[in-house]
Protein chains: 2
Amino acid sequence: MKISRRCLPLLCLLVLLRATVSVADEGLWTFDNPPTKPLQARYGFTPTQAWLDHIRLSSVRLNDGGSGSFVSPHGLLLTNHHVARRQLENNSTATKNYMRDGFYAATPDQEMKSPDLEVDVLMAMENVTGRVQEALATATDDKKMLAARKDIIARIERESTEATGLRSDVVTLYHGGEYWLYRYKKFTDVRLVFAPEQQIAFFGGDSDNFTFPRYDLDIAIFRVYENGRPFESAHYLKWSDHGAAEGELVFMAGNPGSTSRLETMAQLERRRDFSLPLRIAQIKQRIDTMQKYAARGAEPARQTGNLIFGLQNGLKASNGGYLALTDPKIMAKKQAEEDNFKKLVTAKPEWQSDFGGVWETIAAAESRASGMTKKQVFRQLDSELFSLALRIVQYTAETKKPDGERLAGFHQSQLESLRFELLSPAPIYPEMEEARMSGSLEESVRQLGNDDEWTAAVLGGRSPAALAADAVRGTKLADPQARKALLEGGTAAVEASTDPMIVLARKVDPLARAFTKWFEDNVQGVEQAAGEKLGRAQFQVYGKSIYPDSTFTLRLSYGTVAGYPMNGTRAPARTTFYGLYDRAYSFDFAEPFSLPARWKESHNKMELSTPLDFANTCDSVGGSSGSPVINRNGELVGINFDRNVEGLGRAFVYQEETGRAIAVHSAGIIAALRKVFDAGVLADELTGK
Amino acid sequence: MKISRRCLPLLCLLVLLRATVSVADEGLWTFDNPPTKPLQARYGFTPTQAWLDHIRLSSVRLNDGGSGSFVSPHGLLLTNHHVARRQLENNSTATKNYMRDGFYAATPDQEMKSPDLEVDVLMAMENVTGRVQEALATATDDKKMLAARKDIIARIERESTEATGLRSDVVTLYHGGEYWLYRYKKFTDVRLVFAPEQQIAFFGGDSDNFTFPRYDLDIAIFRVYENGRPFESAHYLKWSDHGAAEGELVFMAGNPGSTSRLETMAQLERRRDFSLPLRIAQIKQRIDTMQKYAARGAEPARQTGNLIFGLQNGLKASNGGYLALTDPKIMAKKQAEEDNFKKLVTAKPEWQSDFGGVWETIAAAESRASGMTKKQVFRQLDSELFSLALRIVQYTAETKKPDGERLAGFHQSQLESLRFELLSPAPIYPEMEEARMSGSLEESVRQLGNDDEWTAAVLGGRSPAALAADAVRGTKLADPQARKALLEGGTAAVEASTDPMIVLARKVDPLARAFTKWFEDNVQGVEQAAGEKLGRAQFQVYGKSIYPDSTFTLRLSYGTVAGYPMNGTRAPARTTFYGLYDRAYSFDFAEPFSLPARWKESHNKMELSTPLDFANTCDSVGGSSGSPVINRNGELVGINFDRNVEGLGRAFVYQEETGRAIAVHSAGIIAALRKVFDAGVLADELTGK
């Protein structure tokens, strides 16, 4: 941490406070600003630029919402089973169930193409803060600033895409304190090589989700192809001979989704009092709807697997966040941090003039938003077909506008990935769609009433069930060709369409736009401008000794392989295969603690003391799933797949004492491949033997 | 639950409230009043009188503070390793360490005599409430009542001992609502047959103490002798072939030490605000003192093992109790129960006249006691030699008085057991005694100051270290012969003694008596009378549909073998030997997770899926250690050894959702004996094969 030479007493105090905090293994650091000082201070390690570049170029982001890494010179990509599960389900049929049975391509020709998986590698990062700020300088109010920002960002992205052919995203860091242009090499030919059975990947199911000790082999292995041949990766992570040991320094490189650690108390309080409780109610309804649908039979149960998994995952995470925000100690800590930050700003006239009042501005916006949160949450139709329809309607309208005036998600540089999604051949199950749609509409009616402008427009006098039946049974959008025809036909085709899902989307679109506009004008625009001020204030006060909130872009975190106090005793730093069998036998193999047949048989072939999972203090949130865990030699020692319950407050606050990231151990992966799956060829490629 | 025919509305409400509570597996029931109604309602099981008698006569109480059971026709007695550990340490020497290495007598001549272990079997129970109440009827005030009660109890005990030759104790139940004469057959020739290594009996050490999942083989097996030959027990528990299964109804018969579930809010609040925090501070000091002493070398470490174990055990238990009493939900529940009880009493004029004001009387006594609690806790010398000295001084004085006037502990019927303890040949370690004594005195000075009458008298101007050195180095009381001479010499010998420990005891004795008298007059006497009223009120209101607070006498509890919600997931109902190895390897065999050599080697000989420990909902507290766990056929399925952290509030409240008793599984015991200890002969005797 840099200390200003004109160190005010108050600043000194705060610096000390922050310094105390930074002794922890906290932080989701950008690769342009690695945590060299805390690393050197705590671990005596300073990464070289070559080390950092190698880690960055070996890491990937998956458009299914997770992270991964190259682990062989021939394009092998390691990620989590739960990141790959949509691909596994999409490739499965009523007779071939890769989720249940796993998959292994013993030879290259057996490798299985993923319908719509995109993998991005961050090739370059350029600071464009100056260009963005310059474009904003002439804007006279918040709305003009919002428009100017959209415009300059779209221009930078477009120019970069044209110049380099690389996917180009402008990333907002420190809530607008910095803007960076990230250029990605993009791969869309990604083939499945190996996945274990769901039952071992997710052993313990929703019960053990977000807990430790844990016994999951949550991995999947793809091979990335380029021009029809395995991608010869110049950068990939070598497999560690021993894996992670207790007390060892480790790193994680991944794409943490979204944190709210710089949010003000007013923002946290709206989450606590409105957004989270309503969101929790919504998830519960959706789980309930899907469980009822799954109960209809084996095939419905298979279809809903991924969705229920995601919902339960989201419920536990939301509950964890809610618990954190209702924990008086955590809220007191956040309040103290905000108070200190405010005092510091107030103490310096130039800061006070630039940033004073920003908390009050946000609080006023949050107060306006509070009354609208219920509408924000429940004016939603839970349906893939409807989501496709709405995006098709909006796509045709938006792409006619200048780039800078478009809705978020429809900028020029985003279109290729968006089309890839809109034209995905992944199967859609109409009965399930009907159940989802009518279930979510019933909940909307319960929460908002029949008189709500949106519910009235959507239902048009029909019942939720009748509307869903009409829309789902009448639509042709399950066929990618039908979507393609509409996209190609543009607004004319969309306006002429009598497809009931498109008709519904046309009705909802103006309401959705109006709501979005209201939120932009009254909340988002105000908070974005205020958030930028806060980000700049943070810069002025702390410099880059702190890290920005995460944004599903590449970050580096670091920590120690370590157990923690739990349940009156201690959780160990790692688990072994002995523990897997203990837990399975303890529950008499009852779900979710059953084991696939080959696992029951292979316990005699395996050295059961081999580590299976391990806990570490690396900072992580959702999206970090699949991040490689790396030792100081840059070798792969594990793959991150979860946090423990004690770490679920990480969206808002990092707590080192008991919060832990959980990873599969590299030695456990190799043992399972060799002894259980007879996948020695794959294990040899991974270990380079 | 019986419902009065003249069911008042209020009573009905309360009955419903209590009925809801009694659906839980709650209760430490006396054998004269088994929980037949809840058992029938919840499990469809009604124990016969023969079943009850058989369980009672197969169960034993150990004077080391635990429970056990006969498990073979030839006097084999199963209890916990931690109940037997004082005997193991007493028989150990600097060269033979039975705690570390375990013990197995393959033949009868190798069985090892315990220096001072007494085992009691409850042969008969007689309700003497009428006799006691009759004797109290003429007493005109609380003091006279106290004296009259002491007198009648001593007389009943003496008459019974003379008539039957059996140990005879009058037991106060329902805080004086009932008095029972319990007659015990007493055994003092108890020989050790088997004990595993401390490291497996207490695997996980203090860390895993009071937790689950757990992997402890906390057992010891003695053989009870009578007239120099193995006791041919007519009643013993047959070994179950399969042991306890998840969801199965099980029973525990044991001697739970002491609960405070009928205590008033005023009493609980003094515990919360005074007794427990002070006691916790005291235990911490004692642990600190003993750990410093243990650090002097291997032999001091061995000597202090049992003491530190007991202190850490007590610290965790006290902390657990403190957590319960500071849990707003628990206190609100207790408050609601008290409010309901009070309302009910108030609503009926005759009850109001008999019992009204009793809560206020207790609250006033507690208020007086609060100011004295610090003295009560810290006017204590932590020393075995001093404790012997003080009891010798008091023994000689008390035994000259009529039985009814004696201090508690010195009544005629208690003398034989007391002499057995006072003359124990168990070793005493002078250096350790010195450390204990001076450490506790230093803490007394810190807490009470030098000016306190007691500390001033004890120290006599010397430092704690100097006093301890003088007293311990100068005393001859480590020799049982010296103690015997004093006991036989009576008050004359004691008064003439220049032994410095006796001299100190003579100084402390009058202060201790004065303090005891103050407490009896101002707190204990008042609360005993008030407690009896409360007990009688409880009788009037609820009848014997409820159980009395426990008193280290035989009780029956019942419940289900069941896991519970834990750590965001579920704890299983049982653990297996797989889990033992998982936890050992997970911690790299670091203490307290190391395993004895033969355990490391024998994992290949054993079927690792064999159950090791299991959790159940049976009600239990300290003293229940060693209780047999029994199935509905009266067969032994396990042996109780602990509670989980969630069950530590059981002194005050039973909570079924997560609180669990923890037992060693009968199948795990047999597997360990056969496969690890090569003790097939013993396993055969246990299983009758």
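Since we're looking at a predicted model, the values are computed, not measured.

A. Up close: the environment of A:Glu421. Residues and elements named next belong to chain A. Positionally, Glu421 belongs in helix α17 (residues 415-422). Given 14 C-beta atoms within a 10 Å radius, Glu421 is considered partly exposed. Taking the C-alpha atoms as reference points, Glu421 and Asn63, 358 residues apart in sequence, are found 9.6 Å from one another.

B. Region of interest: the pairing of strand β3 (residues 76-79) of chain B. Residues and elements named next belong to chain B. Here β3 shows two buried faces, one formed by Leu76 and Leu78 and the other by Leu77 and Thr79. Here strand β2 (residues 66-70) pairs with β3 via two bridges, running antiparallel. Bridged to Ser69 within β3 is Leu78. Connecting β2 to the antiparallel partner β3 that follows it, the hairpin turn spans five residues, and Gly75 within it adopts a positive phi of roughly 80 degrees. For β3 and strand β10 (residues 220-226), the ladder comprises four bridges, and the chain directions are antiparallel. The residue of β10 that forms the bridge with Leu76 is Arg223.

C. Representation of the interface of chain A and chain B within the structure. Across the contact, 27 residues belong to chain A and 26 residues belong to chain B. Elements supplying a minimum of two residues to the side of chain A that touches chain B: α9 (205-208), β15 (569-571), β16 (574-576) and α23 (577-586) of chain A. When residues in the side of chain A that touches chain B are grouped by element, the largest group, seven residues, is from α23(A). When grouped by side-chain class, the residues that make up the side of chain A that touches chain B number nine nonpolar, eleven polar and seven charged.

D. Quick peek at the sheet that holds strand β13 (residues 555-560) of chain B. All names here are of chain B. Strand order in this open sheet of seven strands is β13-β12-β18-β19-β20-β17-β16, and the pairing throughout is antiparallel. Only two strands of the sheet have a single partner each, and these edge strands are β13 and β16 (574-576). Sheet twist, expressed as the mean angle between neighbouring strand axes with direction ignored, is 30 degrees. Relative to β13, strand β12 (residues 249-254) is paired through six bridges, and the arrangement is antiparallel. Paired with Gly254 across the bridge in β13 is Arg555. Where helix α24 (residues 666-676) meets the sheet, it contacts β17 (611-616), β19 (636-643) and β20 (661-665), and its direction lies at approximately 40 degrees from that of β20.

E. Representation of the domain arrangement of chain A within the structure. All names here are of chain A. Structurally, chain A comprises domain 1 (9-118 + 188-260 + 548-687), domain 2 (133-187) and domain 3 (265-537). Across the boundary between the two partners, domain 1 contributes 26 residues, which contact 27 residues of domain 3. Contributing elements (two or more residues each) for the side of domain 1 that touches domain 3: α1 (9-22) and α4 (81-91). Counted by class, the side of domain 1 that touches domain 3 contains 13 nonpolar, seven polar and six charged residues.

F. Spotlight on the relation of the copies chain A and chain B. Rotating chain A by 180 degrees and translating it 0.0 Å along the rotation axis places it on chain B, where the RMSD comes to 0.0 Å. When the rotation and shift are considered jointly, the pair of chain copies conforms to a two-fold rotation axis. Both copies contact each other with a shared surface, as 96% of the interface residues of chain A are interface residues in chain B too.

Basis of the calculations
- Residues numbered from 1 in each chain as written.
- Chains lettered and ligands numbered in written order.
- Predicted model: local features only at pLDDT ≥ 70, side-chain atom pairs only at ≥ 80, totals over all residues.
- Helix = DSSP H or I, 4+ residues; strand = E, 2+ residues; numbered from the N terminus.
- Buried ≥ 20, exposed ≤ 12 C-beta atoms within 10 Å, placed from the backbone.
- Pairing = 2+ DSSP bridges.
- Contact = placed C-beta atoms within 7 Å.
- Nonpolar A, V, L, I, M, F, W, Y, C, P; charged D, E, K, R; others polar.
- Axes fitted to C-alpha atoms, helices over the stretch in contact; angles between N-to-C directions.
- Domains from an automatic or database assignment.
- Least-squares fit on C-alpha atoms with pLDDT ≥ 70 in both.

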